[in-house]
Structures are given as C-alpha cells and as structure tokens.
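Spelled out from the first residue to the last, the chains are:
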Amino acid sequence: MTRAQVRGRAADTADTAGRPVAPAPLARPTGARDGVPAPDGRRRLFLVRGAALAALVSTFAYLTWRVADTLPEGPALWIGVPFLVLELYGGVALVLFVMTTWNVAPATVPPSRPDGERPTVTVLIATYNEHLDVLLPTVAACLALEGEHETWVLDDGDRLEVQEMVTALGARYISRPEHDHAKAGNLNHALGLVRTDLVAVFDADHVPDGEFLTRTLPYFADPRLALVQTPQHFYNTSSFEHLRPGADLHEESLFYRVIQAGKHNAGAAFWCGTNAVLRVEALRDIGGVATESLTEDFHTTMKLHRAGWRSAYHNEVLARGLAAGGPAAFYAQRRRWGRGAMQVLRHDNPLTSSGLTLGQRLGYIYSLSAWFDSWRTLGLALVPVAVLLTGLFPVEARPVQFAVMAGSAFVLQQLALTLLSRGFAPARFALLFEVIRLPSNLAATLSLVRRGTGRFAVTAKGRTGDARVRAHVPGLLVALALLLGGTVVYALLSLVGWTPTAYPLRGMMLVPLVWIALTLAFVVAGIRRIRDPRFSTERRDGHRFPAVLLATVTGAPARVVDVSLGGAQVVVQGVGTPVGDDVLLAVTVPDRSEPVVFRATVRSRQGGLHRLQFIGRQWIALAALSATAFGAGAARWAAVREQAAFQPREDVVRITTPLPVPPPAAPDRLRVEQPALARR
C-alpha cells in the first residue's frame with residue numbers, strides 16, 4: 001500500500017476520475033480564548049504577582065501563628081491536629097500553584113535551521129472502539145492538514161468498517177497482531193514502522209485545524225526538542241465539563257491555558273496524549289512510549305526529560321475534540337488518569353528520579369500531588385462536622401483574633417487564585433468540580449497502595465446507550481450530603497438546648513455552621529448537575545451541530561437546521577416529501593463552490609421540518625461535510641447564520657437525478673509484526 005501524502009490545498013473531494021482526495025483545509029477563525037494569550041502587561045503582572053506574594057506572606061503568618069499559639073489542649077486536640085495538617089497541606093499547594101503560574105508567557109519559537117530543511121511528519125490517529133461518526137472527522141481533518149505529511153490510522157479494534165472508511169478517504173490503515181499495552185502499545189507498534197522525523201499524535205475524537213503542523217513544526221529547529229504539546233479544546237460545549245451550554249470554558253481550561261504554559265517556562269510541559277508532535281528519535285532513545293502506567297503520555301515525558309530532551313507548549317487551540325459528555329465518562333476518565341499518576345509515583349517518583357532539573361521536579365510533584373487535593377476537600381468538610389457534633393473547637397484563640405487572621409489569609413488566597421488563573425477558572429465553577437471530583441480522585445489515590453497497572457478504559461465518546469437514562473450519583477456524595485444536612489439540623493437543635501452537646505463559645509460555632517452550609521450547597525449543586533437530564537445517556541453516535549445552511553431536497557428549496565454525520569434536520573419549502581422516501585440532499589457550505597450531496601431517507605416530518613437519515617456510508621461526502629462542520633467550520637456556520645435567507649441563492653444546485661458515487665477503495669489490510677524499537 002502506498003503512503004498517502006498531502007501536498008498543499010485540495011479544493012474538491014474527488015478528482016476527474018472519481019478518485020477521493022483530501023477535503024480542503026479551512027482557514028482557522030481564532031476566538032478570543034482560542035489564540036495564543038497575550039503576555040501579561042507590566043501593570044497586570046505587577047498586580048498578579050503582588051497579590052500572589054501577599055497571599056503567601058499572609059498564609060505563612062497565619063500558619064506560623066496556628067502552629068505556635070493555637071493548638072488546643074485536652075480532648076479538642078484530636079480535631080485540632082488534623083485541621084492544622086489540612087491547613088499546612090493547603091499552604092504547600094498554594095506555594096506550588098504560585099510557582100507554576102508565576103510566569104505563563106507564551107513560548108518563543110526558535111529561529112529556523114540554517115539549511116531551511118523541514119522535518120518529515122507522519123500523523124498517527126490511535127483508535128480502539130470509537131464510532132465511525134467520531135473517527136471520520138479526525139481522519140478527514142488530518143488528511144487536509146497543510147504541508148506534506150502522511151496520515152495513518154492505528155486501529156486496535158481490527159474493524160473492517162474502519163479499514164473501508166480509511167482506505168476510501170486515502171489514509172493508511174494499520175493494525176497489529178498483538179494488542180498489549182493499550183494505546184501505548186499501539187503507538188509503539190507504529191513507531192517500528194515510521195520512517196519520518198516526527199509523529200503528530202491525535203486521539204480518535206480530536207479534529208485538528210488545517211494549520212496545526214505549520215504552527216508546531218517550527219519549534220523542532222531545536223535539535224534537542226522532543227515534544228510540542230497544544231491545548232485540548234472541545235466542540236461539544238454542552239458537555240458535562242463545560243461551564244454552561246455554549247461556553248468555551250470547561251473543567252480543564254485552567255490546566256491547558258494557564259498551568260501548562262507555566263510548566264513550559266519551568267521546562268516541565270508534558271505530553272497529554274493528543275494534539276501533540278513528537279520527535280521519533282527521542283521516543284526511540286527512551287525505548288518508546290512508556291507502558292508501565294495508564295498515563296503513558298505523562299510518564300513518557302518524564303522519561304524524555306530525564307534523558308535530557310526538552311519539551312515545549314504552544315498555547316493556541318489548534319484542535320477540538322469531544323469532552324466527557326456525561327458523569328459516567330467523566331469519572332471513568334479521571335479514575336484512569338489518577339491511577340496512572342499513582343503508578344508513576346511508584347515507578348518514577350520525581351523526587352528521587354535522576355536527570356530532572358529542580359523546576360521539572362517541582363512541576364511533576366505539583367501535577368501528581370494535585371490528585372490528593374480531594375482528601376483535603378473531604379477533610380475540610382468533615383472537620384466542622386466533628387466540631388458541631390462534639391462542641392470541641394480545633395483552634396485555641398479569641399474569636400475576633402481567629403476571624404481576622406484566618407479571614408485575611410483566606411481573602412488574599414482567593415484573590416491570588418483568581419488573578420493567577422487569568423480568568424480560566426471562575427471560583428464557583430472550580431469549587432463545584434472540586435466536590436464532583438471527590439469520588440474518582442479518592443478512589444484513584446487509594447490505588448497507590450495497590451499493585452498492578454489496572455485496566456485501560458477508553459473514555460466513552462458518541463453513543464453510550466439506547467435510551468435516556470439519568471446518571472447514577474456516587475454514594476459518597478449522597479452520604480456526604482446527608483451527613484452535612486443532618487449536622488446542620490443537629491447544630492440548630494443544640495443551640496436551643498435540645499441535644500446533649502453544648503457550645504461554650506456560641507459565636508465561634510457560627511463559623512463551622514456557615515462552612516457546612518456552604519459545603520452542603522456545593523454538594524447539592526454537584527448532585528443536581530450529575531442528575532441533570534442534559535447529561536443523560538447519549539443516544540446519538542455523532543455530535544449534532546446547529547446550523548442555518550441553504551440546501552435543496554430533491555430540487556425543492558430547503559434550509560438545514562442541524563446536522564450530524566448520521567443525518568440532518570431540514571425545513572423544506574412547499575409540499576415536502578413523504579416519510580420513508582429516499583431523497584437527494586444538496587447542502588451549500590461556506591467553504592465550497594459546489595454543494596455537498598447526500599442520499600438520505602426521510603425518517604419523520606412535522607410540517608416542513610424533515611428529519612433525514614443518510615443512506616449507507618458516503619465517505620467522500622461525509623468527509624467534505626465534516627471539514628466544515630467540525631472545529632473551525634462550526635465557527636463559520638455561526639457567522640453564516642446571520643446572513644442566510646430562506647430562499648436559496650442562484651448557486652444552489654437543484655438536483656433531480658442521482659449522482660454517481662465513487663466506489664470505496666479496495667481493502668488493503670496492513671498487518672505487520674512489531675519490530676524492536678531502536679535504542680540509542
């Protein structure tokens with residue numbers, strides 16, 4: 001099988017002989033939050049760092065006072081010591097966060113090589129069981145990347161339908177005889193076959209923009225650079241992880257737009273599994289992708305840094321994927337990541353591993369220790385419960401003094417966190433997900449004392465069920481809500497003397513009471529979010545995009561309301577088409593001179609609104625549609641929405657006879673034994 005190469009731009013989906021070619025790449029519209037963030041100005045930097053230093057000083061003063069003067073005596077000590085430990089842990093976490101986000105200036109691209117030679121690239125798409133409606137947009141977009149490259153689909157599911165799609169579009173299909181080590185093993189098998197300088201790696205659901213390679217390859221003028229990572233961003237903005245439907249901000253925004261940028265400036269930016277370019281020589285130097293943990297990307301980067309290779313973080317959204325649509329997928333993903341982090345701690349503890357710089361050690365320790373933050377969150381929820389149930393206070397101090405010392409430190413900490421987050425972590429949203437993450441993070445950290453790597457569970461994308469079923473609420477959150485609510489009731493009864501518990505300092509008891517009430521509010525909000533019908537089981541195979549696009553349905557003027565890779569909802573002028581009839585849908589998209597044509601069946605209709613299901617697998621047309629619908633194209637549709645009129649323009653072709661559909665390429669299944677990786 002010959003290597004599929006893409007040179008320059010291809011304007012159409014098939015040549016004059018009917019053979020498929022790559023869909024045209026799209027110009028990338030950059031949103032306010034998508035592009036490389038501007039460096040902090042001098043005044044803003046002074047404000048951000050001033051607030052951070054003030055928070056550190058006040059926290060240090062508060063903790064010093066707490067250790068020296070406020071530990072209680074007698075029975076209250078059993079509450080006082082754990083509470084102090086939780087506060088000390090919070091102080092260390094604050095220091096690490098300030099160090100990480102102190103400098104988030106964008107990366108500097110190294111000067112070009114004197115010979116001007118461009119490295120060769122193979123694009124690798126790793127897939128296992130993702131639905132074709134999820135995988136196809138990624139394959140189409142990778143084929144359309146600007147510049148010369150090869151596109152390989154690494155299918156660990158050995159699916160004939162994937163092979164048919166991949167070969168029809170012109171990419172290279174690869175499977176392997178053994179399926180050990182999950183994604184890491186899949187990539188290592190490909191590394192034994194690759195003959196290019198670099199590999200760009202994408203997960204099956206991440207759709208790159210046309211400029212991905214042209215933006216990232218210049219960094220490799222540095223001969224010791226092993227990795228360029230870009231942010232993960234998501235086009236299904238109604239997912240469980242997003243702030244609200246349609247919002248760009250999601251649960252991982254702070255990490256990808258701020259924390260990783262800070263890690264870059266400390267030399268500790270790491271590979272996140274997708275949307276990255278890696279040097280093949282560097283991977284072979286360390287024996288390939290790490291297989292000792294479930295977080296092969298994180299562990300591989302640590303090995304690269306230990307071997308003296310460097311990494312870079314290009315802080316610009318150049319690909320968009322599918323975020324965890326519901327709570328079940330979210331929890332499965334976080335448990336896998338957390339268990340992998342614990343495995344890295346066992347195999348390659350950054351505090352003791354050789355070859356790392358101080359900045360890299362601190363960067364890795366910050367990332368790994370963050371999984372233990374949930375224990376602090378749980379502890380800070382339980383300490384006030386113990387206080388109100390026993391009447392024992394964990395701090396030996398006058399109420400006013402404690403309020404001033406603790407309150408000033410808390411306010412300055414929140415101010416510093418807000419400024420250091422650069423607007424990517426709204427406080428209420430961040431606190432809500434601190435609570436939601438509790439079940440998965442606690443379970444993951446407990447795996448530190450267990451042996452074995454565990455099972456690699458692919459995050460569910462696309463269809464997750466056949467019926468709308470609300471998500472199950474983790475028992476921990478239900479129990480915590482009942483405990484907090486019961487404690488509030490008990491405390492109120494105690495204040496009026498109806499329980500055996502007496503509160504010597506009633507004013508001081510208002511602090512834990514208010515704290516519990518606020519914690520309970522976030523726990524209830526988390527439960528409501530998990531049970532929200534919006535995050536019920538997903539019945540669709542692919543993401544559905546709202547759109548206002550001109551079209552024809554077997555010649556009749558029409559307007560597309562929404563579309564996925566499985567079908568579309570279309571408003572048709574006139575009489576319309578009966579349910580069950582086959583039609584030809586010709587959609588005019590902003591990027592193409594000719595409409596994209598589909599054979600479809602009318603599944604249902606309500607007045608002029610027709611619900612169409614595409615017939616069969618029309619790979620070339622679907623690839624053309626996905627190039628517009630996904631990623632950059634989705635933003636274009638929003639702009640077209642304001643200009644689209646109901647009447648079709650003159651350039652909308654009215655098609656009344658079937659069009660010839662090019663047959664899929666003959667199957668050419670490539671199965672190669674895995675050769676040994678070269679080691680230096």
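Treat the numbers as computed from the prediction; the structure is a model and nothing was measured. (Residues numbered from 1 in each chain as written. Predicted model: local features only at pLDDT ≥ 70, side-chain atom pairs only at ≥ 80, totals over all residues. Heavy atoms only, no water.)

Attention shifts here to the overall build of the chain. Tallying secondary structure elements over the chain gives 19 helices and 16 strands in all. Counting every position in the chain, which comprises 680 residues, the buried fraction comes to 54%. Here the analysis covers contacts within the chain between residues at least 6 apart in sequence; of these, 79% occur between residues at least 24 apart. Entry remark: accessible area of the chain is about 29,000 Å², with carbon and sulfur atoms responsible for 59%. (Helix = DSSP H or I, 4+ residues; strand = E, 2+ residues; numbered from the N terminus. Buried < 20%, exposed > 50% of the residue type's maximum accessible area, 1.4 Å probe, protein only. Contact = heavy atoms within 4.5 Å. Areas by Shrake-Rupley, 256 points an atom, 1.4 Å probe, with all protein chains shown as cover.)

Here we come to the sheet that holds strand E10 (residues 319-321). Taking strand neighbours across the sheet as the criterion, the three strands line up as E5-E10-E7 in an open arrangement whose pairing is mixed. One side of each edge strand has no neighbouring strand; the edge strands of this open sheet are strand E5 (207-208) and strand E7 (233-234). Here two bridges tie E7 to E10, and the two strands are oriented parallel to one another. Along E10, the bridge assignment pairs Phe-234 with Gly-321. (Pairing = 2+ DSSP bridges.)

With six of six residues buried, strand E2 (residues 150-155) lies mostly within the body of the structure. In E2, alternate side chains face the same way, and those of Glu-150, Trp-152 and Leu-154 on one face and Thr-151, Val-153 and Asp-155 on the other are all buried. A crossover links strand E1 (residues 121-127) with its parallel partner E2, the connecting element being helix H3 (residues 132-143), and its sense is right-handed. Two strands pair when backbone bridges link them, and E2 and strand E3 (residues 172-174) are joined in this way by three bridges, in the parallel orientation. Its bridge partner being in E3, Leu-154 is matched across the sheet by Ile-174. Crossover connection from E2 via helix H4 (residues 160-169) to parallel E3: handedness right-handed. (Right-handed = clockwise from strand over helix to strand, strands pointing away.)

With that out of the way, let us pick up the packing of helix H12 (residues 373-390) against helix H16 (residues 475-495). In the contact formed by H12 and H16, the axes pass within 10 Å of each other and the chain directions differ by 30°. The orientation of H12 with respect to H16, classified from their angle, is roughly parallel. In this structure, H12 meets H16 at a crossing whose hand is left-handed. Contact residues: H12 offers Leu-378, Ala-381, Leu-382, Val-385, Leu-388 and Leu-389, while H16 offers Leu-480, Leu-483, Leu-484, Thr-487, Tyr-490 and Ala-491. Of the residues belonging to the contact of H12 with H16, the class tally is eleven nonpolar, one polar and no charged. (Axes fitted to C-alpha atoms, helices over the stretch in contact; angles between N-to-C directions. Parallel < 35°, antiparallel > 145°, perpendicular 65-115°, else oblique. Left-handed = near helix turned anticlockwise from the far one by under 90°. Nonpolar A, V, L, I, M, F, W, Y, C, P; charged D, E, K, R; others polar.)

On to the pairing of strand E8 (residues 276-279), then. Side chains of E8 alternate between two faces, with Ala-276 and Leu-278 and Val-277 and Arg-279 buried alike. As judged from the four bridges shared by strand E4 (residues 198-203) and E8, these two strands associate in the antiparallel manner. The residue bridging Val-199 from the neighbouring strand is Leu-278, located in E8. In this structure, strand E6 (residues 225-229) lies alongside E8, joined through three bridges in antiparallel fashion. Bridge pairing links Leu-227 to Leu-278 in E8.

In this model, the chain carries an average pLDDT of 84, and 83% of its residues clear a pLDDT of 70 or more. Residue range residues 631-680 is modelled with pLDDT below 50. Its contacts to residues more than four positions away, or to other chains, number 113 contacts. (pLDDT = per-residue confidence, 0-100.)

As a further point, take helix H5 (residues 182-191). With nine of ten residues buried, H5 lies mostly within the body of the structure. When we look at burial in H5, the residues that qualify are Lys-183, Ala-184, Gly-185, Asn-186, Leu-187, Asn-188, His-189, Ala-190 and Leu-191. Check the buried side of H5 and you find it contacts E1, E2, E3, E4, helix H8 (280-285) and helix H9 (296-306).

Glancing now at the sheet that holds strand E12 (residues 556-563). Ordered by their spatial adjacency, six strands build a closed barrel running E11-E12-E13-E16-E15-E14, and the pairing between neighbours is antiparallel. When the angles between neighbouring strand axes are averaged without regard to direction, this sheet yields 45°. In the sheet, strand E11 (residues 545-553) pairs with strand E14 (residues 582-587) via three bridges, with the strands oriented antiparallel. Across the sheet, the residue bridging to Thr-552 is Ala-586, located in E14.

In this structure, Ala-182 is a non-glycine residue whose phi angle is positive, near 50°. Here Ala-182 is to be found in helix H5. The partly exposed category is assigned to Ala-182, whose relative accessible area is 25%. Positive phi values are uncommon outside glycine, yet Thr-554 reaches one of about 50°. Looking at where Thr-554 falls in the secondary structure, it is placed in the loop between E11 and E12. Classification of Thr-554 by relative accessible area gives partly exposed; the value is 38%.

Following the sequence through the fold, Thr-237 ends up in the loop between E7 and helix H7 (253-265). There is a polar contact of 3.4 Å between the side chain of Thr-237 and the backbone nitrogen of Gly-246. Among all residues touching Thr-237, those that are not within four sequence positions of it are His-242, Arg-244, Pro-245, Gly-246 and Ala-247. (Polar contact = N/O pair within 3.5 Å; in protein donor to acceptor, adjacent residues only side chain to side chain.)

This part covers the nonpolar core. By size, the foremost hydrophobic cluster in this structure holds 63 residues, and its most contacted members are Val-139, Met-165, Leu-169, Val-570, Leu-585 and Phe-614. Residue contacts for Leu-169: discarding those within four places in its chain leaves Leu-136, Val-139, Leu-143, Trp-619, Ile-620 and Ala-623. Residues Tyr-62, Tyr-331, Val-395 and Val-523 belong to the second largest nonpolar core, which totals 50 residues. (Core = buried A, V, L, I, M, F, W, Y, C linked by side-chain atoms within 4.5 Å.)

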